[in-house]
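Now for the letters of each chain:
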Amino acid sequence: MAMIIRSLCVFCGSSFGTETVYGEKTREFGKYLAERKITLIYGGGAAGLMGVLAEAVLDNGGSVIGIIPEMIYKKVEHLPLTETIITEDMHSRKRMMYDKSDAFTALPGGIGTIEEISEIYTWQQLGYHRKAVSLYNINNFYYKFAEFLDSACDMGFIKEIHRNRLIIEQDAEKLIEKIENYSEETVDKWS
Ligand code: AMP
(Lines give C-alpha, C1' and ligand atoms only; values in the text may rest on other atoms or scores of the structure.)
Protein backbone atom coordinates (compact mmCIF):
# COMPACT_ATOMS: atom_id res chain seq x y z
CA MET A 1 0.00 0.00 0.00
CA ALA A 2 1.34 3.46 -0.89
CA MET A 3 2.61 5.60 1.97
CA ILE A 4 2.03 9.34 2.14
CA ILE A 5 5.37 11.09 2.56
CA ARG A 6 5.17 14.04 4.95
CA SER A 7 8.87 14.81 5.26
CA LEU A 8 11.77 14.18 2.91
CA CYS A 9 15.42 14.44 3.87
CA VAL A 10 17.38 15.82 0.92
CA PHE A 11 21.16 15.77 0.64
CA CYS A 12 22.62 17.94 -2.09
CA GLY A 13 25.63 19.94 -3.14
CA SER A 14 26.86 23.04 -1.39
CA SER A 15 27.97 24.00 -4.92
CA PHE A 16 25.88 24.82 -8.00
CA GLY A 17 27.58 22.52 -10.51
CA THR A 18 28.77 23.65 -13.91
CA GLU A 19 25.46 23.29 -15.77
CA THR A 20 22.45 25.54 -15.14
CA VAL A 21 20.17 22.49 -15.33
CA TYR A 22 21.19 21.47 -11.78
CA GLY A 23 19.87 24.70 -10.30
CA GLU A 24 16.78 24.74 -12.54
CA LYS A 25 15.71 21.18 -11.69
CA THR A 26 16.50 21.73 -8.00
CA ARG A 27 14.26 24.82 -7.96
CA GLU A 28 11.45 22.88 -9.68
CA PHE A 29 11.87 20.07 -7.16
CA GLY A 30 11.55 22.50 -4.25
CA LYS A 31 8.35 23.90 -5.75
CA TYR A 32 7.00 20.38 -6.20
CA LEU A 33 7.74 19.48 -2.56
CA ALA A 34 5.90 22.62 -1.42
CA GLU A 35 2.90 21.81 -3.63
CA ARG A 36 2.78 18.27 -2.29
CA LYS A 37 3.07 19.62 1.29
CA ILE A 38 6.18 17.55 1.91
CA THR A 39 8.38 19.17 4.56
CA LEU A 40 12.00 19.49 3.46
CA ILE A 41 14.56 18.30 6.00
CA TYR A 42 18.06 19.35 4.99
CA GLY A 43 21.48 20.48 6.19
CA GLY A 44 20.46 24.06 6.91
CA GLY A 45 22.90 25.98 4.72
CA ALA A 46 22.33 28.62 2.04
CA ALA A 47 25.16 27.54 -0.26
CA GLY A 48 24.82 26.00 -3.73
CA LEU A 49 21.96 23.64 -4.49
CA MET A 50 21.14 23.44 -0.77
CA GLY A 51 20.17 27.11 -0.75
CA VAL A 52 18.36 26.89 -4.10
CA LEU A 53 16.23 24.01 -2.83
CA ALA A 54 15.36 25.54 0.53
CA GLU A 55 14.49 28.89 -1.05
CA ALA A 56 12.29 27.25 -3.67
CA VAL A 57 10.30 25.38 -1.01
CA LEU A 58 9.87 28.56 1.08
CA ASP A 59 9.00 30.75 -1.95
CA ASN A 60 6.18 28.35 -2.76
CA GLY A 61 4.70 28.30 0.73
CA GLY A 62 6.30 25.05 1.91
CA SER A 63 8.04 24.10 5.16
CA VAL A 64 11.78 23.68 5.62
CA ILE A 65 13.59 22.32 8.66
CA GLY A 66 17.34 22.93 8.60
CA ILE A 67 19.49 20.86 10.94
CA ILE A 68 23.02 22.12 11.27
CA PRO A 69 25.93 21.54 13.67
CA GLU A 70 27.02 24.54 15.75
CA MET A 71 30.46 24.66 14.18
CA ILE A 72 29.08 24.95 10.61
CA TYR A 73 26.28 27.30 11.73
CA LYS A 74 28.83 29.85 12.96
CA LYS A 75 30.68 29.83 9.65
CA VAL A 76 27.97 29.96 6.98
CA GLU A 77 25.11 32.15 5.75
CA HIS A 78 21.54 31.31 6.70
CA LEU A 79 18.06 31.50 5.23
CA PRO A 80 14.96 32.34 7.30
CA LEU A 81 13.72 28.75 7.47
CA THR A 82 10.51 27.46 9.04
CA GLU A 83 12.73 25.97 11.74
CA THR A 84 16.48 25.83 12.27
CA ILE A 85 17.84 23.25 14.70
CA ILE A 86 21.42 23.69 15.84
CA THR A 87 23.08 20.50 17.06
CA GLU A 88 26.18 19.91 19.12
CA ASP A 89 27.99 17.93 16.44
CA MET A 90 27.76 16.21 13.08
CA HIS A 91 26.62 12.89 14.49
CA SER A 92 23.66 14.30 16.40
CA ARG A 93 22.75 16.33 13.31
CA LYS A 94 22.60 13.24 11.14
CA ARG A 95 20.70 11.25 13.75
CA MET A 96 18.07 14.02 13.96
CA MET A 97 17.81 14.34 10.17
CA TYR A 98 17.26 10.60 9.91
CA ASP A 99 14.70 10.44 12.73
CA LYS A 100 12.61 13.33 11.40
CA SER A 101 12.36 12.07 7.81
CA ASP A 102 9.99 9.61 6.12
CA ALA A 103 12.40 9.02 3.23
CA PHE A 104 15.74 10.16 1.80
CA THR A 105 16.95 11.46 -1.50
CA ALA A 106 20.17 12.88 -2.88
CA LEU A 107 20.37 15.48 -5.61
CA PRO A 108 23.70 16.05 -7.36
CA GLY A 109 26.50 16.97 -4.98
CA GLY A 110 30.04 16.28 -3.86
CA ILE A 111 31.74 14.31 -1.12
CA GLY A 112 29.31 15.41 1.62
CA THR A 113 26.28 14.37 -0.41
CA ILE A 114 27.75 11.00 -1.39
CA GLU A 115 28.77 10.31 2.20
CA GLU A 116 25.34 11.19 3.61
CA ILE A 117 23.28 9.17 1.12
CA SER A 118 25.71 6.23 1.34
CA GLU A 119 25.43 6.16 5.11
CA ILE A 120 21.64 6.07 5.10
CA TYR A 121 21.73 3.44 2.32
CA THR A 122 24.08 1.36 4.51
CA TRP A 123 21.68 1.68 7.45
CA GLN A 124 18.86 0.47 5.21
CA GLN A 125 20.95 -2.53 4.15
CA LEU A 126 21.73 -3.38 7.77
CA GLY A 127 18.08 -3.13 8.76
CA TYR A 128 18.30 -0.06 11.01
CA HIS A 129 15.38 1.46 9.10
CA ARG A 130 12.92 0.56 6.37
CA LYS A 131 12.59 3.95 4.72
CA ALA A 132 13.11 4.62 1.00
CA VAL A 133 16.54 5.81 -0.14
CA SER A 134 16.74 7.44 -3.55
CA LEU A 135 18.74 9.46 -6.04
CA TYR A 136 17.17 12.24 -8.06
CA ASN A 137 19.23 11.70 -11.18
CA ILE A 138 19.26 15.25 -12.60
CA ASN A 139 21.15 15.42 -15.90
CA ASN A 140 22.06 11.73 -15.41
CA PHE A 141 24.51 12.87 -12.71
CA TYR A 142 24.39 9.49 -10.90
CA TYR A 143 24.97 7.36 -14.00
CA LYS A 144 28.52 6.40 -12.99
CA PHE A 145 27.57 5.83 -9.36
CA ALA A 146 24.83 3.43 -10.50
CA GLU A 147 27.33 1.75 -12.81
CA PHE A 148 29.76 1.35 -9.90
CA LEU A 149 27.05 -0.27 -7.75
CA ASP A 150 26.21 -2.64 -10.61
CA SER A 151 29.83 -3.67 -11.02
CA ALA A 152 30.23 -4.17 -7.25
CA CYS A 153 27.13 -6.36 -7.49
CA ASP A 154 28.64 -8.36 -10.39
CA MET A 155 31.83 -8.77 -8.38
CA GLY A 156 29.94 -10.14 -5.42
CA PHE A 157 30.30 -7.22 -2.99
CA ILE A 158 26.71 -5.99 -3.02
CA LYS A 159 23.65 -8.23 -2.98
CA GLU A 160 21.28 -7.63 -5.88
CA ILE A 161 18.37 -7.19 -3.50
CA HIS A 162 20.17 -4.29 -1.79
CA ARG A 163 21.24 -2.75 -5.08
CA ASN A 164 17.64 -2.89 -6.30
CA ARG A 165 16.32 -1.11 -3.22
CA LEU A 166 18.03 2.12 -4.25
CA ILE A 167 15.54 4.21 -6.24
CA ILE A 168 17.16 6.12 -9.09
CA GLU A 169 14.86 8.42 -11.08
CA GLN A 170 15.23 11.33 -13.50
CA ASP A 171 11.68 12.63 -13.16
CA ALA A 172 10.69 14.35 -9.91
CA GLU A 173 7.05 13.24 -9.87
CA LYS A 174 7.98 9.63 -10.60
CA LEU A 175 10.66 9.82 -7.92
CA ILE A 176 8.12 10.78 -5.25
CA GLU A 177 5.68 8.17 -6.58
CA LYS A 178 8.35 5.46 -6.30
CA ILE A 179 9.27 6.61 -2.79
CA GLU A 180 5.61 6.42 -1.77
CA ASN A 181 5.25 2.94 -3.22
CA TYR A 182 8.49 1.64 -1.73
CA SER A 183 8.27 -1.43 0.42
CA GLU A 184 11.16 -3.54 1.52
CA GLU A 185 11.52 -7.23 0.94
CA THR A 186 12.29 -9.23 4.03
CA VAL A 187 15.76 -10.45 3.01
CA ASP A 188 18.44 -8.59 4.93
CA LYS A 189 22.21 -8.29 4.86
CA TRP A 190 22.63 -11.19 7.25
CA SER A 191 20.61 -13.83 5.41
P1 AMP B 1 28.93 18.57 -0.69
O2 AMP B 1 28.13 17.53 -1.42
O3 AMP B 1 30.35 18.12 -0.46
O4 AMP B 1 28.84 19.93 -1.29
O5 AMP B 1 28.32 18.66 0.77
C6 AMP B 1 26.96 18.85 0.92
C7 AMP B 1 26.49 18.20 2.19
O8 AMP B 1 27.41 18.51 3.27
C9 AMP B 1 25.13 18.75 2.58
O10 AMP B 1 24.08 17.79 2.40
C11 AMP B 1 25.30 19.16 4.05
O12 AMP B 1 24.82 18.20 4.93
C13 AMP B 1 26.80 19.32 4.26
N14 AMP B 1 27.22 20.74 4.04
C15 AMP B 1 28.18 21.14 3.20
N16 AMP B 1 28.30 22.51 3.19
C17 AMP B 1 27.39 22.97 4.05
C18 AMP B 1 26.97 24.28 4.48
N19 AMP B 1 27.51 25.39 3.99
N20 AMP B 1 25.99 24.37 5.40
C21 AMP B 1 25.41 23.27 5.89
N22 AMP B 1 25.74 22.01 5.53
C23 AMP B 1 26.71 21.85 4.62
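A brief structural summary. What you are looking at is a predicted structure, and each value in this text was computed from that prediction instead of being measured.

### Here we look at helix 1 (residues 20–35)
Okay, step 1: Given a rise of 1.5 Å per residue, 16 residues ought to cover 22 Å, and the 23 Å separating the end C-alpha atoms of helix 1 matches this to within 8%.
Okay, step 2: Burial in helix 1 covers these residues: Tyr22, Gly23, Thr26, Phe29, Gly30, Tyr32, Leu33 and Ala34.

### Side note on unusual backbone geometry
Okay, step 1: Of note in this structure, Lys37 is not a glycine but carries a positive phi near 60°.
Okay, step 2: The exposure class assigned to Lys37 is exposed, which follows from its relative accessible area of 72%.
Okay, step 3: We note that Asn140 has phi near 60°; this positive angle belongs to a residue other than glycine.

### Section: the packing of helix 4 (residues 90–100) against helix 5 (residues 111–126)
Any two packed helices are characterised by the angle at which their axes cross and by the distance between the axes.
Okay, step 1: Between helix 4 and helix 5, the shortest axis-to-axis distance is 12 Å and the interhelical angle comes to 60°. Classed by the angle they form, the pair helix 4 and helix 5 counts as oblique. Both helix 4 and helix 5 take part in a crossing whose hand is right-handed. Of helix 5, the residues touching helix 4 (which contributes Met90, Arg93, Lys94, Arg95 and Tyr98) are Glu115, Glu116, Glu119, Ile120 and Trp123.

### Observations concerning the packing of aromatic side chains
Okay, step 1: Summed over the entire model, instances satisfying the criterion amount to eight aromatic pairs.
Okay, step 2: A centroid spacing of 6.2 Å and a plane angle of 85° characterise the contact between Tyr22 and Phe141, whose relative ring orientation is edge-to-face. Highlighted residues: Tyr22 in helix 1 and Phe141 in the loop between strand 6 (132–136) and helix 6 (143–154), separated in sequence by 119 residues.
Okay, step 3: Residue Tyr22 is classed as buried on the basis of its relative accessible area, which comes to 10%.
Okay, step 4: Ring centres 5.7 Å apart and planes at 85° place the aromatic pair Tyr98 and Phe104 in the edge-to-face group. Summarising the burial analysis for this pair, Tyr98 and Phe104 share the class buried.

### Observations concerning the site of the ligand
Okay, step 1: Neighbouring the ligand are 17 residues; Ser14, Gly110, Gly112, Thr113 and Glu116 lie closest to it.
Okay, step 2: In the model, an oxygen atom of the ligand is placed 3.4 Å from a nitrogen or oxygen of the Ile111 main chain.
Okay, step 3: Measuring from an oxygen atom of the ligand, one finds a backbone N or O atom of Gly112 at 2.9 Å.
Okay, step 4: For the ligand, the protein covers 85% of the area, taking 490 Å² as the surface of the free molecule.
Okay, step 5: Among the detected pockets, the ligand sits in the largest pocket.
Okay, step 6: For the shell around the ligand, the element with the most residues is helix 5, which contributes four residues.
Okay, step 7: Of the residues assigned to the shell around the ligand, the class counts are seven nonpolar, eight polar and two charged.

### Some points on helix 8 (residues 172–180)
Okay, step 1: Where helix 8 is concerned, the buried positions are Ala172, Leu175, Ile176, Ile179 and Glu180. Across the axial projection of helix 8, the buried residues extend over an arc of 130°, all falling on one side.
Okay, step 2: Where helix 8 is buried, its residues meet strand 1 (7–11), helix 1, strand 5 (103–106), strand 6 and strand 7 (167–169).
Okay, step 3: The backbone nitrogen of Glu173 lies 3.2 Å from a side-chain oxygen of the residue at the head of helix 8, namely Asp171.

### Section: the environment of Ile138
Okay, step 1: With respect to the element layout, Ile138 can be found in the loop between strand 6 and helix 6.
Okay, step 2: Judged by its relative accessible area of 2%, Ile138 is buried.
Okay, step 3: C-alpha separation for the pair Ile138 and Tyr22, spaced 116 residues apart in sequence, amounts to 6.6 Å.
Okay, step 4: When neighbours within four sequence positions are excluded, Ile138 is seen to be in contact with Val21, Tyr22, Lys25, Thr26, Leu107 and Pro108.

### Points about the side chain of Ser134
Okay, step 1: Mapped onto the fold, Ser134 is located in strand 6.
Okay, step 2: Ser134 gets classed as buried once you look at its relative accessible area, which sits at 0%.
Okay, step 3: Among the polar contacts listed, one links the side chain of Ser134 to the backbone oxygen of Phe104, at a separation of 2.9 Å.
Okay, step 4: Sequence-distant contacts of Ser134, defined by excluding residues within four places in its chain, comprise Phe104, Thr105, Ala106, Ile117, Leu166, Ile167, Leu175 and Ile179.

Conventions and cut-offs
- Residues numbered from 1 in each chain as written.
- Predicted model: local features only at pLDDT ≥ 70, side-chain atom pairs only at ≥ 80, totals over all residues.
- Heavy atoms only, no water.
- Helix = DSSP H or I, 4+ residues; strand = E, 2+ residues; numbered from the N terminus.
- Expected span 1.5 Å × (residues − 1).
- Buried < 20%, exposed > 50% of the residue type's maximum accessible area, 1.4 Å probe, protein only.
- Axes fitted to C-alpha atoms, helices over the stretch in contact; angles between N-to-C directions.
- Parallel < 35°, antiparallel > 145°, perpendicular 65-115°, else oblique.
- Left-handed = near helix turned anticlockwise from the far one by under 90°.
- Contact = heavy atoms within 4.5 Å.
- Phe/Tyr/Trp six-rings, centres within 6.5 Å; stacked < 30°, edge-to-face > 60°.
- Near = heavy atom within 4 Å.
- Polar contact = N/O pair within 3.5 Å; in protein donor to acceptor, adjacent residues only side chain to side chain.
- Areas by Shrake-Rupley, 256 points an atom, 1.4 Å probe, with all protein chains shown as cover.
- 1 Å grid on protein atoms, 1.4 Å probe; cavity = no way out; pocket = protein on both sides within 12 Å on 5 of 7 lines; lining within 4 Å.
- Sits in = over half its atoms within 2 Å of the grid points.
- Nonpolar A, V, L, I, M, F, W, Y, C, P; charged D, E, K, R; others polar.
- Arc of directions from axis to C-beta.

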